[in-house]
Amino acid sequence: MPMKKRAFLVFLTLSVFTLSGCAALQSLLNGAFKKPTLRFKTARLANASLSDATVDLVYELDNPNGLGLKLASVDYAFFVEGKQVVAGKPKSGVNLKSNGKSELVFPANVKFADIAPVVTTFLNKDVAAFKAQGSLGVQTPIGIIKLPLEKEGTFAVPKIPQVQFQAPRITNVTLSGATVEFPLSITNRNGFPLPVSGITGALKVAGASVGNLNTGNLGMLDASGTKQITLPLTINFASAASAAMALRSGGNAQVSLNGNLTSDAQSVPLNLSQLLTFKK
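Just so it is clear, the model here is predicted, and its values are computed rather than measured.

Bringing the overall build of the chain into the picture now. The helix and strand tally for the chain stands at four helices and 19 strands. Each of the 280 residues in the chain was classed as buried or not, and the buried ones make up 41%. Approximately 14,700 Å² of the chain is accessible, and the part contributed by carbon and sulfur atoms is 55%.

In structure tokens:
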């Protein structure tokens, strides 16, 4: 047999066995490889204020195989109250655990002014509706497997802190006026920390304007926490005659504060009116 023909037959035989081996190997892989699963875990707020918040959608990918996998692609979109917002996603190439679960976080920055024309209307809602859609591509020994990211649900809307006066204390009384300490109690009604840049407003005692209060920056309110602050104010009796009686005697008077509470870049109206006992 000529050498060229013999070489061709050998090559042909090897090719058949190689192709058969690859097909058998692929069949073996298909049978042995278990498809990973993707499960929605939770929606949580991070870095929340009254102007915006980061909404983290957390998924859990379960890889039941003895070899690690990689994230090949992410196609993702996030909507709040029907409006698409800017959303982040895990980078391609992220390693996924073998024989275990990997947490994948999809953060979206939600600016409330982009969701509702009146931010205070949005903030008075208990929850906001969200929708996530897209897919993950996971690189596996049998090729890229696509896993859907479809999810609809709600997340808690940040609540405006509750502000209340405590009993004022008269520290000094003269013929012309009095110095009064006004205690304020600011309660965070959220289960997460909330920044409060300050509270400002015009103060009235017994219907008379007595001055302005300004707390300055209150910093971060603890989750479900309360911060106490005392603001001193000198009141001139000549300009607040109706308040003079209550302040001189230490009796009761209606106290009101009309102003704003600011959190991050967002200010919301603050209108307080309480009947308080002035202590000496």
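Another point: the packing of aromatic side chains. For the structure on display, the rule yields eight aromatic pairs. Geometrically, the ring pair formed by F182 and F278 is edge-to-face, given 6.3 Å between the ring centres and 90° between the ring planes. Of this pair, F182 sits in strand β12 (residues 177-187) while F278 sits in the segment after β19 (266-277), placing them 96 residues apart in sequence. With a relative accessible area of 2%, F278 lands in the buried category.

Before going further, it helps to examine the sheet that holds strand β1 (residues 37-46). By way of backbone hydrogen bonds, the strands of a sheet pair with one another, either parallel or antiparallel. Read across the open sheet, the three strands follow the order β1-β2-β6; overall the sheet is antiparallel. In this open sheet, the two strands that pair with only one neighbour each are β1 and β6 (100-111). Strand-to-strand twist across the sheet, computed as the mean angle between neighbouring axes with direction ignored, equals 20°. Strand direction decides the pairing type here: strand β2 (residues 52-63) and β6, joined by twelve bridges, are antiparallel. By the bridge assignment, Y59 is partnered in β6 with L104.

The rules behind these values
Within every chain, residues take consecutive numbers counted from 1 along the sequence as written. Confidence filtering applies because this is a predicted model: local features only for residues at pLDDT of at least 70, side-chain atom pairs given and counted only at 80 or more, and all residues used for totals across whole chains, interfaces and linings. As a rule here, side-chain values come from all non-hydrogen atoms in the structure, and water together with hydrogens is ignored. In DSSP terms, a helix is any run of H or I states spanning at least four residues, a strand is any run of E spanning at least two, and both are numbered starting from the N terminus. Whether a residue is buried, partly exposed or exposed follows from its accessible area with a 1.4 Å probe, protein chains only, as a fraction of its type maximum: under 20%, in between, or over 50%, in that order. Per-residue and other accessible areas follow the Shrake-Rupley method at a 1.4 Å probe size, with only the shown protein chains counted as cover for residues. Only the six-membered ring of Trp is used, alongside the rings of Phe and Tyr, when aromatic pairs are assigned; centres must lie within 6.5 Å, and planes under 30 degrees apart are stacked while those over 60 apart are edge-to-face, with the rest tilted. Between any two strands, pairing holds if DSSP finds at least two bridges. To obtain an axis, a line is fitted to C-alpha atoms, over the contacting stretch when the element is a helix, and the angle between two such axes runs from 0 to 180 degrees between their N-to-C directions.

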